[in-house]
Amino acid sequence: MRTSLLLLFCALSFAFAAPAFAQDDAELKLRLSRTFGYSSGAGDIQGLFTIYVAGPEDLVKVTFYLDEEAMGEVAQPPFELRFNTDNYPLGVHTISAIGLTSAGREVRSNELRVKFVTAEEGFQAGARIVLPLLGVAFAAIIFSSLLAFWGSGKLKQLPLGAPRNYGVAGGAICVRCGRPFPRHFFSLNLLIGKLERCPFCGKWAIVAAVPLEKLRAAEQAELEGAQSVMTAPLSEGEALRKELDNSRYIDL
Ligand SMILES: [Zn+2]
């Protein structure tokens, strides 16, 4: 009982596996590679392509075929042939190769089914893939720069020392003016930080997110800095100029 089951299993697996092996069994392995042009996953190709074969050690000659017509003969390794699909009729074709060994034995390759399409078809298919991607990238750039513009305008109106919302990307402190600002979610991430432009002084820098307590301290520092500017005693020269200015207005 057990043996018969095993036999049945072997027979079944052989039956299923056999058709799949038919192509791989070819002594000459034929591959197609795009050199310059278009190829789709479905086998539509256009442009410059190269056919390669790998086979027995004693291979001395390979003839490449497009359908029944010989495309070319190569009598020394590497056994490869470059061709342009535009030099052949459009439509479905079968590419294959027949090799000859030094012992005079003929070896056949697997067959590749391809469809030669026009350059326009290839371009249109490529554009269908690339254009939406470009569109998405372009929209993201527009969106993030709008966001940055809108964000910086609102920030500039913020009174000194006002607590601000730093958002999901966290806040950073400007290396030049020392004022804290929220980082943009969409801005370029450069490992050590994000590339950001300070909305207050316009300085570009790679800034890391800073803990909230430091940001709050920097907000406070803005306020203290502003107060110290207002209450700072004027130097002698400044005091004199101010007096002159005032007197000028009084005279008028
Ligand atoms: Zn700044």
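So, here's what we can say about the structure. For clarity, every value in this text was computed on a predicted model and none was experimentally measured.

Brief notes about the overall build of the protein chain
Here is step 1: In terms of helices and strands, the protein chain carries four helices and 12 strands.
Here is step 2: Here the protein chain holds 252 residues, and 29% of them are scored as buried.
Here is step 3: Within the structure as shown, the protein chain displays about 17300 Å² of accessible surface, and the carbon and sulfur contribution to it stands at 62%.

A short note on the coordination of the zinc ion
Here is step 1: Coordination of the zinc ion by the protein is provided by C174 (SG), C177 (SG), C198 (SG) and C201 (SG), with metal-donor distances spanning 2.2 to 2.3 Å.
Here is step 2: Mapped onto the polypeptide sequence, the residues donating to the zinc ion form the spacing pattern C-x2-C-x20-C-x2-C.
Here is step 3: In this structure C198 comes out as buried when scored by relative accessible area, which is 1%.

A closer look at the environment of A172
Here is step 1: Turning to its location among the elements, A172 is positioned in strand β9 (residues 171-173).
Here is step 2: Among the residues examined, A172 registers a relative accessible area of 0% and is labelled buried.
Here is step 3: Counting along the chain gives 42 residues from A172 to K214, while the straight-line C-alpha distance between them is 9.2 Å.
Here is step 4: Residues in contact with A172, not counting those within four places in the same chain, are R179, P180, F181, R183, V207, A208, V210 and L215.

Here's the deal with the environment of V114
Here is step 1: Positionally, V114 belongs in strand β8 (residues 112-116).
Here is step 2: Not counting residues within four places of it along the chain, the set of residues in contact with V114 comprises L32, G43, I45, G91, V92, H93 and I95.

Some words on the nonpolar core
Here is step 1: I51, V53 and F64 are the most contacted members of the largest nonpolar core, which totals 20 residues.
Here is step 2: Look past the residues within four positions of I51 in its chain and what remains in contact with it is L30, R31, L32, F64, M71, F79, E80, L81, F83 and I95.
Here is step 3: Counting residues in each nonpolar core, the second largest holds eight residues, with L155, C174, C198 and V207 among its members.

About the cut-offs
- Residues numbered from 1 in each chain as written.
- Predicted model: local features only at pLDDT ≥ 70, side-chain atom pairs only at ≥ 80, totals over all residues.
- Heavy atoms only, no water.
- Helix = DSSP H or I, 4+ residues; strand = E, 2+ residues; numbered from the N terminus.
- Buried < 20%, exposed > 50% of the residue type's maximum accessible area, 1.4 Å probe, protein only.
- Areas by Shrake-Rupley, 256 points an atom, 1.4 Å probe, with all protein chains shown as cover.
- Donors = N, O, S within 2.8 Å, 3.2 Å for Na, K, Ca; no water.
- Contact = heavy atoms within 4.5 Å.
- Core = buried A, V, L, I, M, F, W, Y, C linked by side-chain atoms within 4.5 Å.

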